[in-house]
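For reference, the chains in residue letters:
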Amino acid sequence: MLERHEIEAFLTLAEELHFGRTAERLHVSTARISQTVRKLERRVGATLFVRTSRRVEPTALGAQLAEELRPAWEAVGAAVRRAAGAGHGRTGTLRAAFAGPAAGQLLVGVAELFRERLPGWEASLREAELVDRLGLLRRARWTWCSRSTRCASPTWRWVRCW
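Residues numbered from 1 in each chain as written. Predicted model: local features only at pLDDT ≥ 70, side-chain atom pairs only at ≥ 80, totals over all residues. Heavy atoms only, no water.

Thoughts on the side chain of T12
Residue placement: T12 occurs in helix α1 (residues 4-16). When its relative accessible area of 7% is taken as the criterion, T12 is described as buried. Of note is the side chain of T12, whose polar atom sits 2.6 Å from the backbone oxygen of E8. Residue contacts for T12: discarding those within four places in its chain leaves L17, T22, R25 and L26. (Helix = DSSP H or I, 4+ residues; strand = E, 2+ residues; numbered from the N terminus. Buried < 20%, exposed > 50% of the residue type's maximum accessible area, 1.4 Å probe, protein only. Polar contact = N/O pair within 3.5 Å; in protein donor to acceptor, adjacent residues only side chain to side chain. Contact = heavy atoms within 4.5 Å.)

If you want it as structure tokens, here you go:
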């Protein structure tokens with residue numbers, strides 16, 4: 001089984017293609033990166049990087065391993081971030097109502113960014129006319145609408161996006 005620091009060193013070197021930048025990103029020495037990669041190569045039983053005094057390139061096997069390992073490593077990181085978010089109470093659903101295709105297109109992009117930056121949260125979008133949006137907010141079923149409007153309730157929070 002690989003250790004966390006071996007995976008990080010390997011994937012970062014495969015991305016940076018430079019021992020110095022890899023060491024800088026991981027806050028360790030270049031000697032540590034070199035030792036870690038050599039240890040990993042011994043464990044795998046094959047050379048993962050071709051090294052010269054000027055360049056570092058992954059071998060075919062190194063490139064294949066990086067390609068197969070990266071999605072799994074990113075999934076591990078995302079799972080840990082979701083768990084940490086849930087542990088700190090950062091989970092839930094943002095419900096947004098909008099009117100018209102332009103607002104919908106804008107909110108689709110916002111929702112994708114929202115989900116990416118807050119993995120424990122969901123974003124739910126719905127098209128609704130102004131009267132429908134006010135009712136959704138009154139019933140506390142939705143948390144945001146796409147147009148600022150004066151309203152009687154001081155507990156509603158309105159955000160103007162254009």
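Quick word on the pattern of salt bridges
As enumerated under the stated definition, the model contains ten salt bridges in all. A salt bridge links E15 to R25; the shortest N-O distance between them is 2.9 Å. With a gap of ten residues between them, E15 in helix α1 and R25 in helix α2 (residues 19-26) connect regions that are remote in the sequence. The exposure class of E15 is partly exposed, given its relative accessible area of 45%. A salt bridge links R21 to E16; the nearest nitrogen and oxygen atoms lie 3.1 Å apart. (Salt bridge = Lys/Arg side-chain N within 4 Å of Asp/Glu carboxyl O.)

Description of the packing of α1 against helix α3 (residues 30-44)
Helix-helix packing is characterised by the crossing angle of the two axes and by the distance between the axes. Viewed as axis vectors pointing N to C, α1 and α3 meet at an angle of 105 degrees, and their least axial separation amounts to 9 Å. Between α1 and α3, the angle is such that the two are roughly perpendicular. Within the contact between the two elements, α1 uses H5, E6, A9, F10 and L13 and α3 uses R32, I33, T36, V37, K39, L40 and R43. (Axes fitted to C-alpha atoms, helices over the stretch in contact; angles between N-to-C directions. Parallel < 35°, antiparallel > 145°, perpendicular 65-115°, else oblique.)

Overview of the pairing of strand β4 (residues 121-127)
As judged from the seven bridges shared by strand β3 (residues 92-98) and β4, these two strands associate in the parallel manner. Note on β4: the bridge partner recorded for R95 is S124. Following the backbone out of β3, through helix α5 (residues 101-117) and into the adjacent parallel β4, one traces a crossover that is right-handed. (Pairing = 2+ DSSP bridges. Right-handed = clockwise from strand over helix to strand, strands pointing away.)

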